[in-house]
Amino acid sequence: MAAATTTTTTITIEDLPADVLGCALRRLDGRSLAAASCATAGLRALAANPDTWRALCLAQWPSLALPLPGAHGRRRILDTIPPRRLFADAFPFPSSADAAAAGGELRLPGELVSAVDVYCRGAPLLSRVVETPASSPWFLGSPFRIEAVDRKRPPPTSPEATATAAAAPAEMELSWVIADPARGRAVNVSSRRPVAVDRHWYTGETLVRFAVVLGGCKFEATVACADAGVAEVSLAVEDADGAAVGGEGALRLLAAAMEAPRNGAEGEPEEAKRRYREFVRRKKGRKESKARREALVDLCCSAASAAVVLTCLAAVALR
């Protein structure tokens, strides 16, 4: 009797239909998708599909699905910046290297678009898109500040989300992506996780702070939580002396950060918190040093004034 022969067929992942592979790739996160694109030429072609990166961006930042204010529903951020470019700019943390020196050589943005997403325990809490004209003399000369949620017009939130935010403010997460549509670049200026949680001394609101340090200055996004829910979400910039940075200075920092390299390592939220604490420590040291200098100047002025008074009294007494 003749022996039966068996044939072994090797099946690889690329033997799957392209639409099945594309659906699987859309379920990956950014790092895994980038790693898969390096495996084979076929996966690289599928991973380069703009629809795959668009789905990934929308899953990461629901605010990108919102139309820009004043666009009448016709324009979104992903219509001005390619999804893969946006993800590469906005997902990794900006470099901590001080690129402010190159800011004078960069073209400052004439318009900023902010995509803001707030989560609590992984569930979306609110999403906002804000357009900020950045070329007027008033903006360039005033302290930099963007409000995603105005205190006068608080957003409607569900009772469940309000209760969760009130019960666990330290578990909130925030992403604040600032895009320059004219240049097609973006940067995320939030630490994602809180760097500090405290209470306002007057209103009693819980202030959840998210911050990154760029160019020696602190970009701080603050979420104010009241009993009724999120009352305010705002972004401001502060230098190492505690002074507010003006619009032009903030634009230079943002333009430099958009061009700077990104940090793609693990533990980025912890690194952001470490940089924030180092900034606070330096700020405290500068404040104490300034107070000592001012005390020394006051002492010298007082001594000089006393010497002048004594000299006048001596001159009068010797007459």
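Given the structure is predicted, the values throughout are model-derived calculations rather than measurements. Per chain, residues are indexed from 1 in the order of the written sequence. Restriction of local features to residues with pLDDT of at least 70 applies here, the model being predicted, together with a cutoff of 80 or more for giving and counting side-chain atom pairs; totals for whole chains, interfaces and linings are based on all residues. Computation of side-chain values covers all heavy atoms of the structure but excludes hydrogens and water.

**Student:** Can you tell me about the overall build of the chain, naming the residues and giving the values?
**Tutor:** Secondary structure follows DSSP: runs of H or I at least 4 residues long count as helices, runs of E at least 2 residues long count as strands, and numbering of each begins at the N terminus. Across its full length, the chain holds nine helices and eleven strands. The buried label applies to any residue whose accessible area, calculated with a 1.4 Å probe on protein chains only, is under 20% of its type's maximum; exposed applies above 50%, and partly exposed to all values in between. Among the 319 residues that make up the chain, the fraction classed as buried is 40%. When checking whether two residues touch, look at their non-hydrogen atoms; a contact exists if any pair is within 4.5 Å. In the chain, the proportion of contacts linking residues at least 24 apart, taken out of those at least 6 apart, comes to 63%. If you sum the accessible surface of the chain, you get close to 17,500 Å²; carbon and sulfur atoms cover 58% of it. Note on areas: Shrake-Rupley with a 1.4 Å probe; residue coverage comes only from the protein chains shown.

**Student:** Tell me about the UniProt feature "transmembrane region" (unreviewed entry) in the chain, and name the residues and values.
**Tutor:** UniProt positions are given in the numbering used here, feature names are shortened, and annotations may be inferred rather than shown by experiment. As annotated in UniProt, the feature "transmembrane region" (unreviewed entry) corresponds to residues 296–318 in the numbering used here. Annotated as 96% helix and 0% strand, the span residues 296–318 places its first and last C-alpha atoms 33 Å apart.

**Student:** An account of helix H8 (residues 247–259) is needed here, citing residue identities and associated values.
**Tutor:** Given the number of residues in a helix, its expected span is that number minus one, multiplied by 1.5 Å. Here H8 spans 19 Å end to end across 13 residues, near enough to the 18 Å set by a 1.5 Å rise per residue. Within H8, the full set of buried residues consists of Gly-247, Ala-250, Leu-251, Leu-253, Leu-254, Ala-255, Ala-256, Ala-257 and Met-258.

**Student:** Any details on the sheet that holds strand E10 (residues 229–238)? Residues and values, ideally.
**Tutor:** Pairing is antiparallel in the open sheet, where five strands are placed in the order E4-E10-E9-E8-E7. At either end of the open sheet lies a strand with only one pairing partner, and these are strand E4 (145–149) and strand E7 (196–199). When the angles between neighbouring strand axes are averaged without regard to direction, this sheet yields 20°. Sheet analysis places E4 next to E10, joined by four bridges and oriented antiparallel. Within the sheet, the bridge partner assigned to Ile-146 lies in E10 and is Leu-235. Working convention: axes come from line fits to C-alpha atoms, limited for helices to the stretch in contact. Angles between N-to-C directions cover 0 to 180 degrees. Across the face of the sheet, H8 comes into contact with strand E8 (206–214), strand E9 (217–226) and E10 while running at roughly 105° to E9. At least two bridges found by DSSP between two strands are what make those strands a pair.

**Student:** I'd like to hear about helix H4 (residues 50–60), residue by residue, with values.
**Tutor:** All buried positions along H4 are accounted for by Thr-52, Trp-53, Leu-56 and Cys-57. Seen end-on, H4 carries its buried residues on one side only, within an arc spanning 135°. Facing away from the buried side of H4 by more than 90 degrees, the exposed set consists of Pro-50 and Ala-59. As used in this structure description, the phrase polar contact means that two N or O atoms lie within 3.5 Å; if the pair is within protein, one of them must be able to donate a hydrogen and the other to accept it, and residues adjacent in sequence are counted only when both atoms belong to side chains. Where H4 begins, the side chain of Asn-49 points an oxygen toward the backbone nitrogen of Asp-51, at a separation of 3.0 Å. Working definition: the arc comes from the directions between the helix axis and the C-beta atoms, pointing outward to the latter.

**Student:** I'd like a description of the pairing of strand E6 (residues 185–188), backed by residues and values.
**Tutor:** Taking every second residue as pointing to the same face, both faces of E6 are buried, with Arg-185 and Val-187 on one and Ala-186 and Asn-188 on the other. Bridge count for strand E5 (residues 172–180) against E6 is four bridges, and the pairing is antiparallel. By the bridge assignment, Ile-178 is partnered in E6 with Val-187. Turn length for the E5-E6 hairpin, with the two strands adjacent in sequence and antiparallel, is four residues, and the turn residue Gly-184 shows positive phi of about 70°.

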